[in-house]
Amino acid sequence: MQSRSHPSTELRKALGHFATGVTVVTTRAADGSPEGITVNSFASVSLDPPLVLWCLGLAAASFDTFGLSSQHLINVLAADQADVARHFATRGARRFDHLRWSPTEAGLPRLDGCIAWFEVGIRSRHEEGDHLILVGRIESFEIARGRPLLFFNSQFAELAGAPPAHGGRTTHR
Ligand SMILES: Cc1cc2nc3c(=O)[nH]c(=O)nc-3n(C[C@H](O)[C@H](O)[C@H](O)COP(=O)(O)O)c2cc1C
């Protein structure tokens, strides 16, 4: 059952058998510049109150920006946005150049073409192992028609046979 050779490689492989959606989490740095990072550790925590979490690697270059900022926007990527996911996972890339996005009312970078957006206020931070768990309360969210981008076994994939989801906008304050 347990692999003893190259445990971290094998563990990565095993964890990669848990299929996830893919998000880009965005915020603003202290100087106002937009920041974004590809994230698949996003998960819902609670419906009442509405809480979600995501995990930020301690070694991320954007660690200070995300660790210190109090509002994040979770952009849930659509099936045709694998390039966006790769782009926001590439160190040193000028991430907001040549990309369609606009600021939300709160000024957070909202990427065009996603299937859902969750604007969250960070409530708590928990350092565990090599990641920081960020728990946020959903302040507003929006959904759009479309199919999700998936990540499985280190590869991007599409959901076969799924009807496109509905769209709509809901704001919780
Ligand atoms: C599909 C996918 C999912 C990822 N999920 C996470 C994640 O949940 N948390 C994280 O910190 N990095 C995650 N990463 C890695 C970051 O996107 C990547 O390391 C990025 O370059 C970090 O940016 P920075 O170091 O420039 O801040 C993921 C990468 C990919 C391709």
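Computed from a predicted model, the values in this text were never measured in an experiment. Every chain's residues receive numbers from 1 upward, in the order its sequence appears when written. Reporting in this predicted model follows two pLDDT cut-offs: at least 70 for local features of residues, and 80 or more for side-chain atom pairs to be given and counted; totals over whole chains, interfaces and linings ignore these cut-offs and use all residues.

Colleague: Could you clarify how one ought to interpret the environment of Pro7 in this entry?
Modeller: With respect to the helices, strands and loops of the structure, Pro7 is situated in helix 1 (residues 7-15). With C-beta atoms placed from the backbone, the exposure class of a residue follows from how many other C-beta atoms lie within 10 Å of its own: 20 or more, buried; 12 or fewer, exposed; in between, partly exposed. C-beta crowding within 10 Å serves as the criterion here: with 11 such atoms nearby, Pro7 is assigned to the exposed category. C-alpha of Pro7 to C-alpha of Gly67: the two residues are 60 residues apart in sequence and 29 Å apart in space. Helix and strand labels come from DSSP, where a helix needs a run of H or I of at least four residues and a strand needs a run of E of at least two; each type is numbered from the N terminus.

Colleague: Looking at this structure, how should I read the site of the ligand?
Modeller: We count a residue as near a molecule or strand when its backbone-placed C-beta atom lies within 6 Å of that partner. As a matter of local geometry, the ligand sits amid 17 residues, with Ser41, Gly57, Ala61, Ser62 and Ala89 nearest to it. Of all the elements in the fold, those that place two or more residues in the shell around the ligand are strand 3 (34-39) and strand 5 (51-57). At four residues, the largest contribution of residues to the shell around the ligand is made by strand 5.

Colleague: Is there a simple way to think about the sheet that holds strand 1 (residues 20-21) in this case?
Modeller: Adjacent strands of a sheet form backbone hydrogen bonds with each other and so pair up, either parallel or antiparallel. Strand pairing is defined by DSSP finding a minimum of two bridges between the two strands. The strand order 1-11-12 describes an open sheet built from three strands, whose pairing is antiparallel. Pairing within the sheet leaves two strands with one partner each, and these edge strands are strand 1 and strand 12 (155-158). Alignment of strand 11 (residues 149-152) against strand 12, held across four bridges, turns out to be antiparallel. Residue Phe151 lies in a different strand from strand 12, and its bridge partner there is Phe156.

Colleague: Looking at this structure, how should I read the environment of Thr27?
Modeller: Along the chain, the position of Thr27 falls in strand 2 (residues 23-28). On a C-alpha basis, the gap between Thr27 and Ile37 in space is 9.4 Å, while along the polypeptide they are 10 residues apart. Think of it this way: build a C-beta for each residue from its backbone, and any pair within 7 Å is a contact. With residues up to four places along the chain from it excluded, the contact list for Thr27 reads Glu35, Thr65, Phe66, Ser69, Gln71, His72 and Leu108.

Colleague: Just checking my understanding: could you explain the nonpolar core for this structure?
Modeller: Grouped burial of nonpolar side chains is what soluble globular proteins tend to show. Core analysis: the biggest nonpolar cluster contains 25 residues, and Val24, Val25, Ile74, Leu77 and Cys114 have the highest contact counts within it. Those residues in contact with Leu77 that lie beyond four places of it in its chain are Val22, Thr23, Val24, Val84, Ala85, Cys114 and Leu149. A set of buried residues qualifies as a nonpolar core if it consists of Ala, Val, Leu, Ile, Met, Phe, Trp, Tyr and Cys joined through C-beta atoms within 7 Å.

Colleague: Which parts of the structure should I look at to understand the pairing of strand 10 (residues 131-143)?
Modeller: Sheet analysis places strand 5 next to strand 10, joined by seven bridges and oriented antiparallel. Residue Leu53 lies in a different strand from strand 10, and its bridge partner there is Val135. Where strand 9 (residues 116-128) meets strand 10, 12 bridges bridge the pair, whose relative direction is antiparallel. In the sheet register, Arg125 faces strand 10, and the bridge partner there is Leu134. Counting the residues in the hairpin turn of strand 9 and strand 10 gives two residues, including Gly129, whose phi is positive at 60°.

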